[in-house]
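Spelled out, the chains give:
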Amino acid sequence: MMRQYEPRDLPWIIETADKAWRPINAAYRAAYGDELFALLVPDEHTRKGVEMRAICAARPAWVFICEEGGRRVGFVTGAIDREKRIGEIGNNAVDPDCGLKGIGQQMYRHILDLFRKEGMTWANVKTGLDEGHGPARRAYERAGFDISISSISYYRRL
């Protein structure tokens with residue numbers, strides 16, 4: 001079941017986001033090395049939760065909770081660009097303790113339906129190319145996202 005975010009969901013969202021992004025943080029640390037990682041990610045244990053707190057405060061109408069049997073199992077955020085008629089799936093996660101049960105697909109169907117109801121003609125989502133984002137890439141492809149462009153960031157010591 002999908003429902004609108006409520007302020008009482010915030011602690012759970014923060015905890016889930018921080019937990020769900022652990023593999024991504026590990027992939028970043030492996031790629032960057034400890035020194036650069038510490039500069040780019042000051043607190044890997046709370047960074048995503050802090051970001052989610054800001055999103056929930058700024059755009060609560062575009063934060064949705066997925067429940068299964070009365071238990072929160074995932075969240076998804078979105079935004080729309082009315083001029084371009086593009087809806088964007090933002091931060092989203094399934095509680096890592098829930099396993100793979102189609103929760104992500106349910107969340108994506110919900111937000112894509114909302115985009116359609118708002119008159120959007122396209123949807124987009126951004127994700128990383130690192131190993132930590134691998135499950136997200138596979139989930140987006142299963143949800144029908146089939147046009148992509150790759151990007152890369154380079155760093156060098158001066």
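Residues numbered from 1 in each chain as written. Predicted model: local features only at pLDDT ≥ 70, side-chain atom pairs only at ≥ 80, totals over all residues. Heavy atoms only, no water.

**Q** Explain the overall build of the protein chain here, please?
**A** Along the protein chain, the regular secondary structure elements total six helices and five strands. Going from N to C terminus, the protein chain has its helices and strands arranged as β-α-α-α-α-β-β-β-α-β-α. Relative to a compact globule of 158 residues, whose C-alpha radius of gyration would be 15 Å, the protein chain shows 16 Å and is just as compact. Seen through its C-alpha atoms, the protein chain measures out along the principal axes to roughly 50 × 35 × 30 Å. (Helix = DSSP H or I, 4+ residues; strand = E, 2+ residues; numbered from the N terminus. Rg over C-alpha atoms; globule rule 2.2 N^0.38 Å.)

**Q** Sorry if this is basic, but what is going on with the pairing of strand β2 (residues 63–68) here?
**A** Looking down a regular strand, the side chains alternate between one sheet face and the other. The element β2 is extensively covered by neighbouring structure, given that five of its six residues are classed as buried. Of the pairings in the sheet, the one linking strand β1 (residues 2–4) to β2 comprises three bridges and is antiparallel in character. Residue pairing for β2: Q4 is matched across the bridge by F64. The pairing of β2 with strand β3 (residues 71–81) spans six bridges and is antiparallel. Paired with E67 across the two strands is R72, which belongs to β3. Connecting β2 to the antiparallel partner β3 that follows it, the hairpin turn spans two residues, and G69 within it adopts a positive phi of roughly 60°. (Buried < 20%, exposed > 50% of the residue type's maximum accessible area, 1.4 Å probe, protein only. Pairing = 2+ DSSP bridges.)

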